Amino acid sequence: MRKEDPAFKKVVDTALEKTFKSGEVNKIYAKWFTSPVPPKGLNLNFPMSDELKALLAKPTDKPAE
């Protein structure tokens, strides 16, 4: 994403906010990190951390500390 493109940033921010608020982010995370992934059915078995859950609950565009 270009640094000086506020219109595109707004589109991305809106899409991410919708994904987080709807809970869809949990389904996406489960699909790739806690469920068998095709073609070999590999399961990473990597549950979402409490820290990540907290970050997703209150999205920000500030860098993590």
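Refer to the structure printed above.
All residue numbers here refer to positions counted from 1 along the written sequence of the relevant chain. Where local features are concerned, this predicted model is filtered to residues with pLDDT of at least 70; where side-chain atom pairs are given and counted, the filter is 80 or more; whole-chain, interface and lining totals use all residues. The side-chain figures draw on all heavy atoms in the structure; neither hydrogens nor water molecules are used.

Our focus in this paragraph is unusual backbone geometry. P39 follows P38 through a cis peptide bond whose omega is 5°. Counting from the N terminus, the helices are DSSP H or I runs at least four residues long and the strands are E runs at least two residues long. Here P39 shows up in the loop between α2 (24-33) and α3 (50-57). Even without a glycine there, the phi angle at N45 is positive, about 50°. Looking at where N45 falls in the secondary structure, it is placed in the loop between α2 and α3.

Another aspect to go through is the packing of helix α1 (residues 6-22) against α2. Under this scheme, a helix contributes an axis fitted over its contacting stretch, all axes are lines through C-alpha atoms, and angles between N-to-C directions fall in the 0 to 180 degree range. Look at α1 against α2: their axes get within 4 Å of each other, and the N-to-C directions meet at 85°. The pairing of α1 with α2 is recorded here as roughly perpendicular in orientation. Residues T19, F20 and S22 of α1 touch α2, and the partners they reach there are E24, V25 and I28. Just so you know how the angles are binned, under 35 degrees is roughly parallel, over 145 roughly antiparallel, 65 to 115 roughly perpendicular, and the rest oblique. Contacts are assigned to residue pairs with any non-hydrogen atoms lying within 4.5 Å of each other.

Note that every value here comes from positions in space, so none of it alone points to a role or purpose.
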